[in-house]
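Chain residues, written in single-letter form:
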Amino acid sequence: MIGFSVNGKRVDLDVEPSTPLLWVIREQLGLTGTKYGCGMAQCGACTVHINGEAVRSCVAPVARAAGKSVTTIEGLSPDLTNPLQLAWLEEDVPQCGYCQSGQLMSAAVLLRDKPTPTDEDIDEAMTGNLCRCGTYPRIRRAIHRAAELAAKAGAR
Amino acid sequence: MIGLKSVGRKTSAGIERRDFLKVSVAASGGLLIGFHFPGVSALASAQPSSANSFMPNAFVRIGSDERITVIVNHSEMGQGVYTSLPMLLADELDADWSKVGYEPAPVDPKYNHPAFGMQITGGSSSVWSGLDQFRQAGAAARAMLVGAAAQQWEVDASALRTDNGAVLNGAKRLTYGQLAAAASKLTPPAHVQLKDPKDFKLIGKPIKRLDTSIKLNGKAEFGIDVKLPGMLNAVIARPPIFGAKMKSFDDARARSLPGVRKIVAIPAGVAVIADTFWQAKVARDALRIEWDEGSMHDFDTGKMMQDFRERAKTPGTSVRKDGDAVAALASSAKKIEAVYEVPYLSHLMMEPLNCTVDLRADSCEVWTGSQFQTVDRANAAKIAGLPPEKVQLHTTFLGGGFGRRANPQSDFVVEAVYVAKAVGAPVKVIWTREDDMAGGWYRPAFLHAIQGGIDESGNAISWKSTLVGQSIMAGTPFAAMMMKGKAYDPASVEGVDDLPYSIPNVTVQSHQAEVGVPVQWLRSVGHSHTAFAVECFVDEMAALAGKDPYQFRRALLQKQPRYLGVLDLAAQKAGWGQPLPKGVGRGIAVHFAFGSYSAHVAEVSVDDNKVRVHRMVCAIDCGQYVNPGIIAAQTEGGAIFGASAALFQELTFENGRLQQTNFNTFPVLRMNECPEIETHIVENNEKAGGIGEPGVPCAAPSIANAIFAATGKRIRRLPIRMTEAV
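Model, not experiment: these values are computed from the prediction.

Cut-offs applied
- Per-chain numbering applies: the sequence of each chain, read as written, is numbered from 1 onward.
- As they are written, the chains are lettered A onward and the ligands numbered 1 onward, keeping that order.
- Residue-level local features of this predicted model are given only where pLDDT is at least 70; pairs of side-chain atoms are given and counted only at 80 or more, and the full residue set underlies all totals for whole chains, interfaces and linings.
- Under the DSSP-based scheme used, a helix requires at least four consecutive residues in state H or I and a strand at least two consecutive residues in state E, with every element numbered from the N terminus.
- The globule rule used for comparison is 2.2 Å times the number of residues to the exponent 0.38, while the radius of gyration itself is calculated over C-alpha atoms.
- Partly exposed residues are those falling between the two cut-offs: more than 12 but fewer than 20 other C-beta atoms within 10 Å of their own, whereas 20 or more means buried and 12 or fewer means exposed, with C-beta atoms placed from the backbone.
- Contact between two residues is assigned when their C-beta atoms, built from the backbone, lie within 7 Å.
- One requirement defines pairing of two strands: DSSP has to find at least two bridges between them.
- The convention used is that axes are lines fitted to C-alpha atoms, helices contributing only their stretch in contact, and that angles between N-to-C directions extend from 0 to 180 degrees.
- Roughly parallel means an angle under 35 degrees; roughly antiparallel, over 145; roughly perpendicular, 65 to 115; everything else is oblique.
- For this classification, Asp, Glu, Lys and Arg are treated as charged, while Ala, Val, Leu, Ile, Met, Phe, Trp, Tyr, Cys and Pro are nonpolar and the rest, including Gly, are polar.
- Here, a nonpolar core denotes buried Ala, Val, Leu, Ile, Met, Phe, Trp, Tyr and Cys residues that are linked to one another through C-beta atoms within 7 Å.
- One number per residue, pLDDT, summarises how confident the predictor is, and it ranges from 0 to 100.
- For any helix crossing, the convention is left-handed if the near helix is rotated counterclockwise from the far helix by under a right angle, and right-handed if that rotation is clockwise.
- By convention, orient the strands away from the viewer: a clockwise path from the first strand over the helix to the second makes the crossover right-handed.

Undergrad: Describe the overall build of chain B, with residues and values.
TA: Of regular secondary structure, chain B possesses 18 helices and 28 strands. Taken against the 2.2 N^0.38 rule, which gives 27 Å for 726 residues, the C-alpha radius of gyration of chain B at 27 Å falls within 12% of a compact globule. In terms of overall dimensions, chain B has C-alpha extents of about 80 × 70 × 45 Å along its principal axes. Looking at the 726 residues of chain B, the share that counts as buried comes to 57%. In chain B, once contacts between residues fewer than 6 apart in sequence are set aside, the share between residues at least 24 apart is 77%.

Here it is as structure tokens:
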């Protein structure tokens, strides 16, 4: 049995420890917001947080999550009120939408570490997340916008 | 704002087959309006099965709860049809936009594409083909709601007006939800009056997409996310070489692995069915298969391109002949020739192919991100041994499509039905990224040799194009329809057959190469390579004439106002002619595709043979448009898609085997490589054109031409490698 918490809820699973966390999240836990794109940490569609750090769950064995706290896109906010989600809505970012869970999860760690990121910070943090539709310019704008929204909320 | 769940057994249950112009009360107690527009398109009525063109369409459901559901017959793959098509309907309906939602249409002839005669999403055609359909459906629904209110108030309908989801009579007001049941008892109008465009409230405005919020919290359901009770998962070992056949397989080890339920040979290869995808994948990789490698065992793309080069030296099938290009070349004061080469490309949607099937004795349900519902259902039915009506195909969200999910053989659907047949339980087949990349149906590789000549004054007087490449239509069930009796595939030469420049002598010839690599339409299809060759060569001719590449084009486009419009707009917005930082060059390109005109100006520098695209200024003229926000998104996305191909992408084969496997060997442009992109829209009232694809073609030539401006070196092969520049 491997135990960890997912979006604040404790789970104990009887699963092969080498199974990638991605597939445990998707298949055993039924949280399909986290996506499969490449299986080799090339595209970032599977990005989740383990103890607050961005992890490519397609190459992370589930054993790595044991005893830790995992956050998926479903846990980013209960009601689309994370500043990133608000900014993504404002900028109408997604096209097909498939990569956006991973984009948001990477951006969340960026904003936590750098509340007012520069374009270079965005390049560095987001370059591991591919988008085939080409939403990068809007993602960049939305991250800057989310930083503003978060700052305003903090000031209040 | 309502984003209805797109997938599920109940999704389309509310919509039943309906007769011509019949209206009835939907399960929710609301109004479902069926429409039919005879003779919507000449093409549709020209279809052999023209009986289909008289079937009704059904596009809107109005609930007593005020919810307005627009039933969309095109697939949402990022291009925004779940917003733009509802906008058309809602505007004519005078709906309260906050109550408008969408639902994917089931497969039914009434949802056929009015121009293509089947249910399909492609050719950048959703908006222009839906323009009348969706507006008329909205206007008719509005007329019936007004009629119901008139009856209730015992007044003449002409005294009433509508606004924001309600019918108004002075201070009196009845909402559409309140009127839905009564309206459903009325006869639909034979004729409806459409709005004067000046009264549009939604059309033409940058309305936010309806499908955004569910793409930000993991709730949007893509094909790969479909879950059914008792569902198993399958991964298939497919041949490593196109045309190879399975001789035998050893599954001793695979069978002993956890979760494995069944291992079975199907026409596509060997399917491993397990409880979970991961178990199936691990077991699939443990299979030992012996293949009969077949005739492609020594296929090599390097050798193929060499053959193409030789073939281009011989006369091909005539596509276009104005004047005498050969004689004019001979008499030219200066001439040049160049050979352009582009590789096979993978569509590489972020969501790999997948399909879920629940096959029962007398029914079959299929869930997948399809761009080709009519064909996929028919092919699924054939394998299931059922009539198509017994097959329900649920269109999920598509994690990118780019043409791959409109496969003439429904490859990814058919094999899933075979698996379901073999296993006797609901099953989802998922392709790994590597499976998806190796699975074929690529943009064909092309070689395009061009010779050009100018006179003493630097005027272009001769152009001779010879193309060599595979046909995407030949051998498909659509060859007859799409090739229209021509001896060549129009999709191979589109974008050069209509060369717009005023050159008196133009010859275009095509060679159809027979190569056993399955090929298919990929975003912008033939334009993805013809624009590269044509626009790079025009630039070479400008240099030969000693003229500015923008002004050279201008002079040759004087009879082409819409080409000129985008060309001028892009040049002006980019500051053409104004100084740039040292080492940066500007390149320009213009092209017409899918009913729309596009021009790009790229700013590029090259450092240590590494190309950096700094800025792309895009001008687009797609005629009347519906949502400028979506147009900008598609134009940006198209430019990035084209830039990815230009800078990085190539599929190669050695010993019959694909050499690329994943994003590390077939890269996609990343955030840190993404240029600044601007989109400028030409305002006019021309016929609506497409927007999903027209942004792609100019990317490669504008970048290549900018490299010339920056370095003096010409790019004649994609992907761009400075070590090959001449």
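Undergrad: Which residues make up the overall build of chain A, and what values go with them?
TA: Counting its regular elements, chain A contains five helices and five strands. The linear arrangement of helices and strands in chain A, starting from the amino end, is β-β-α-β-β-β-α-α-α-α. Against the globule reference of 15 Å for 156 residues, chain A gives a C-alpha radius of gyration of 15 Å, in line with a compact fold. Dimensions along the principal axes, computed over C-alpha positions, put chain A at roughly 45 × 35 × 25 Å. Counting only residues that meet the buried cut, chain A has 56% of its 156 residues in that class. Sequence separation of at least 24 residues holds for 60% of the intrachain contacts in chain A that already meet a minimum separation of 6.

Undergrad: With reference to specific residues and values, describe the environment of B:F59.
TA: Residue and element names in this part refer to chain B. Mapped onto the secondary structure, F59 falls in strand 3 (residues 57-62). Take F59: there are 28 C-beta atoms within 10 Å of it, and that puts it in the buried class. Along the primary structure F59 and F592 are separated by 533 residues, whereas in three dimensions their C-alpha atoms are 31 Å apart.

Undergrad: Describe the sheet that holds strand 18 (residues 391-395) of chain B, listing the residues and the values that go with them.
TA: Residues and elements named next belong to chain B. The sheet built from seven strands is open, its strands ordered 11-12-9-19-16-17-18 with mixed pairing. Across the chains shown, the open sheet's two edge strands, defined by having one partner strand only, are strand 11 (260-266) and strand 18. Pairwise comparison of adjacent strand axes, ignoring direction, gives a mean angle of 20 degrees for this sheet. In this structure, strand 17 (residues 364-368) lies alongside strand 18, joined through five bridges in parallel fashion. Bridge pairing in strand 18 links E365 to Q392. The strands touched by helix 9 (residues 373-384) are strand 16 (354-359), strand 17 and strand 18; relative to strand 18, the strand with the most contacts, the crossing angle is about 140 degrees. Its contacts with the sheet put helix 10 (residues 411-423) on strand 9 (232-237), strand 11, strand 12 (269-274), strand 16, strand 17 and strand 19 (427-430), and the angle it makes with strand 16 is roughly 40 degrees.

Undergrad: Kindly report on the packing of helix 3 (residues 126-153) of chain B against helix 4 (residues 176-183) of chain B, identifying the contributing residues and their values.
TA: Residues and elements named next belong to chain B. Packing of helix 3 against helix 4 brings their axes to within 9 Å, and their N-to-C directions diverge by 85 degrees. In terms of their interaxial angle, helix 3 and helix 4 are classed as roughly perpendicular. On helix 4, the residues touching M144, L145, G147, A148, A149, Q151 and Q152 of helix 3 are Y176, L179, A182 and A183. By residue class, the composition of the contact of helix 3 with helix 4 is eight nonpolar, three polar and no charged.

Undergrad: Go over unusual backbone geometry, please, and point to the residues and values.
TA: Between B:L718 and B:P719 the backbone carries a cis peptide bond, its omega angle lying at -5 degrees. One non-glycine residue with positive phi stands out, namely A:L80, at about 60 degrees. Along the chain, the position of A:L80 falls in the loop between strand 5 (69-71) and helix 2 (83-90). On the neighbour-count criterion, A:L80 (17 C-beta atoms within 10 Å) is partly exposed.

Undergrad: Give a detailed account of the interface of chain B and chain A, specifying residues and quantitative values.
TA: Of the residues lining the interface, 44 residues belong to chain B; the matching set on chain A comes to 45 residues. Looking at the side of chain B that touches chain A, the elements with two or more residues in it are helix 6 (277-285) and helix 17 (628-647) of chain B. With six residues, the single largest contributor to the side of chain B that touches chain A is helix 17 of chain B.

Undergrad: Break down the nonpolar core for me, citing the residues and quoting the values.
TA: All names here are of chain B. Residues A234, V272, V417, V566, A570 and I703 are the most contacted members of the largest nonpolar core, which totals 267 residues. Element by element, the count of residues in this core is highest for helix 3, at 13 residues. Excluding anything up to four places from it in sequence, A234 contacts A271, V272, I273, A280, V419, V427, K428 and V429.

Undergrad: Break down the sheet that holds strand 7 (residues 166-169) of chain B for me, with residues and values.
TA: Residue and element names in this part refer to chain B. The strand order across the open sheet formed by three strands is 6-7-8, and the pairing between neighbours is antiparallel. Looking at strand neighbours, the two that pair on one side only are strand 6 (161-163) and strand 8 (172-175), the edges of this open sheet. When the angles between neighbouring strand axes are averaged without regard to direction, this sheet yields 30 degrees. With three bridges connecting them, strand 6 and strand 7 associate as antiparallel partners. For R161, the partnering residue across the bridge sits in strand 7 and is L168. Against the sheet, helix 3 contacts strand 6, strand 7 and strand 8, and its axis sits at roughly 45 degrees relative to strand 7. Lying over the sheet, helix 4 contacts strand 7 and strand 8, oriented at roughly 70 degrees with respect to strand 8.

Undergrad: Describe the environment of B:T212, and please don't skip the residues or the numbers.
TA: Inspection of the secondary structure assignment puts B:T212 in the loop between helix 4 and strand 9. According to the C-beta neighbour criterion, B:T212 is buried, with 24 such atoms within 10 Å. For the pair formed by B:T212 and B:T83, sequence separation is 129 residues and the distance between their alpha carbons is 10.0 Å. Non-local contacts of B:T212, meaning those with residues more than four positions away in its chain, are made with A:L89, A:D92 and A:P94.

Undergrad: Tell me about the confidence of the model for chain B, and please be specific about residues and values.
TA: Residue and element names in this part refer to chain B. Per-residue confidence for chain B gives a mean pLDDT of 92, with 92% of residues at or over 70. Every residue in residues 1-57 is under pLDDT 50, and counting partners more than four places away or in other chains gives 128 contacts. Interface confidence for the predicted complex, expressed as ipTM, amounts to 0.98; the pTM equals 0.93.

Undergrad: Talk me through helix 2 of chain A; I want residue IDs and the actual numbers.
TA: Those residues of helix 2 of chain A that sit buried are A:P83, A:L84, A:Q85, A:A87 and A:W88. Just beyond helix 2 of chain A, the residue with positive phi is A:D92, at close to 50 degrees.

Undergrad: I'd like to hear about the packing of helix 2 (residues 81-93) of chain B against helix 3 of chain B, residue by residue, with values.
TA: All names here are of chain B. Two numbers describe how helix 2 lies on helix 3: the axes approach to 7 Å, and their chain directions differ by 35 degrees. As helix 2 packs across helix 3, the resulting crossing turns out to be right-handed. Of the residues in helix 3, those touching helix 2 at V81, S84, L85, L88, L89, A90, D91, E92 and L93 are S126, V127, G130, L131, F134, R135, A137, G138, A139, A141 and R142. Here the contact of helix 2 with helix 3 is composed, by residue class, of 12 nonpolar, four polar and four charged.

Undergrad: Kindly report on the environment of A:R140, identifying the contributing residues and their values.
TA: Residue and element names in this part refer to chain A. Within the secondary structure, R140 is located in helix 5 (residues 136-155). Along the sequence, R140 and M126 sit 14 residues apart, while their C-alpha atoms lie 9.0 Å from each other. Other than its neighbours up to four places away in sequence, R140 contacts D119 and I122.

Undergrad: Please provide a residue-by-residue account of the pairing of strand 4 (residues 68-72) of chain B, values included.
TA: Residue and element names in this part refer to chain B. For strand 4, a buried count of five out of five residues is recorded, marking the element as mostly surrounded by other parts of the structure. Alternating positions in strand 4 separate into two faces, I68, V70 and V72 on one and T69 and I71 on the other, with burial throughout. As paired elements, strand 4 and strand 5 (residues 100-104) share five bridges and run parallel to each other. In the strand pairing of strand 5, I71 is matched with E103. Between the parallel elements strand 4 and strand 5, the chain passes through helix 2 in a crossover that is right-handed.

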